[in-house]
Amino acid sequence: EQGTQIGAARVHARIELRSVDMGALCDLQVADWQAIMVRMRACGIEVAGARIVELGTGACPTVPLCMYLAGAAKVFTFDRERRADQQLICELADRLQTHVALIARESGRTLSDVEGYQGALSHAVGRGVSLMIATDNVVDYRAPADASSTSLAEASVDVIVSRSQLEHVPPP
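Quick caveat: nothing in here was measured; it's all calculated off a predicted structure. (Residues numbered from 1 in each chain as written. Predicted model: local features only at pLDDT ≥ 70, side-chain atom pairs only at ≥ 80, totals over all residues. Heavy atoms only, no water.)

This paragraph deals with the overall build of the protein chain. Check the secondary structure of the protein chain and you find seven helices and four strands. N-terminal to C-terminal, the α/β element order of the protein chain is α-α-β-α-β-α-α-α-α-β-β. Residues counted as buried form 43% of the 172 residues belonging to the protein chain. The contacts of the protein chain with a sequence gap of at least 6 include a subset with a gap of at least 24, amounting to 75%. Taken as a whole, the protein chain presents about 8700 Å² of accessible surface, with 53% of it coming from carbon and sulfur. (Helix = DSSP H or I, 4+ residues; strand = E, 2+ residues; numbered from the N terminus. Buried < 20%, exposed > 50% of the residue type's maximum accessible area, 1.4 Å probe, protein only. Contact = heavy atoms within 4.5 Å. Areas by Shrake-Rupley, 256 points an atom, 1.4 Å probe, with all protein chains shown as cover.)

Written as structure tokens, this is what we have:
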């Protein structure tokens, strides 16, 4: 457990120093999103119109933005610390352009729809618009936040996902 925490801290430090390839990080996280989509489909959960919670967004809100582009109705993100900043979100929104075909294929949306949403997202965050406004109030980034204590109504969420949270789970 301690090694996982140290490893996560090193990655976060490298992101903050920009000594990590953000494009490669985005690509890796898109692959994680794709794996989440496969699991959701296996459970009979469609992303279109879904209300999703993501735990542990980290520095790059890749999974929430992919869910937005895939047609989720709402994506609540919870992170213990605020790591995402406007510049990182701008870089991510631009990089997602290389993944629009994959997002369209995995979500069942048309390529032109995903391209349109991605272009509008990239343009909006590039102008400094907040993530909430840039995603038409779909992505609600909450940090710092405690996912064990939310204001979400009971049974108001269709699925909870997490890309990598082992470093935040206390030992039994």
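Interhelical geometry of helix α3 (residues 62-70) versus helix α6 (residues 111-126) gives an angle of 135 degrees and a closest axis separation of 9 Å. In terms of orientation, α3 and α6 fall into the oblique class. Contacts between α3 and α6 involve Leu65, Tyr68 and Leu69 from the former and Val114, Tyr117, Gln118 and Leu121 from the latter. A class-by-class count of the residues in the contact of α3 with α6 yields six nonpolar, one polar and no charged. (Axes fitted to C-alpha atoms, helices over the stretch in contact; angles between N-to-C directions. Parallel < 35°, antiparallel > 145°, perpendicular 65-115°, else oblique. Nonpolar A, V, L, I, M, F, W, Y, C, P; charged D, E, K, R; others polar.)

This part covers the sheet that holds strand β2 (residues 74-78). Spatially, four strands are ordered β3-β2-β1-β4 in an open sheet, and the strand pairing comes out parallel. The open sheet has two edge strands with one neighbour each: β3 (139-142) and β4 (159-162). Strand-to-strand twist across the sheet, computed as the mean angle between neighbouring axes with direction ignored, equals 20 degrees. Pairing analysis gives four bridges linking strand β1 (residues 51-55) to β4, with the strands arranged parallel. Paired with Glu54 across the strands is Val161, a residue of β4. Packed onto the sheet, α3 meets β1, β2, β3 and β4 and runs at close to 175 degrees relative to β2. (Pairing = 2+ DSSP bridges.)

Below, the discussion takes up the confidence of the model for the protein chain. Mean pLDDT over the protein chain: 85, with 83% of residues reaching 70 or higher. Counting interchain partners and residues more than four positions distant, the pLDDT-below-50 stretch residues 1-15 has 15 contacts. (pLDDT = per-residue confidence, 0-100.)

Right, let's get into the nonpolar core. Trp33, Met40, Val47, Ile52, Met67 and Leu96 are the most contacted members of the largest nonpolar core, which totals 46 residues. Sorting elements by how many residues they give to this core places helix α2 (residues 22-42) first, with eight residues. Leaving out residues up to four positions away in the same chain, Met40 has contacts with Ile45, Glu46, Val47, Ile52, Met67 and Val159. (Core = buried A, V, L, I, M, F, W, Y, C linked by side-chain atoms within 4.5 Å.)

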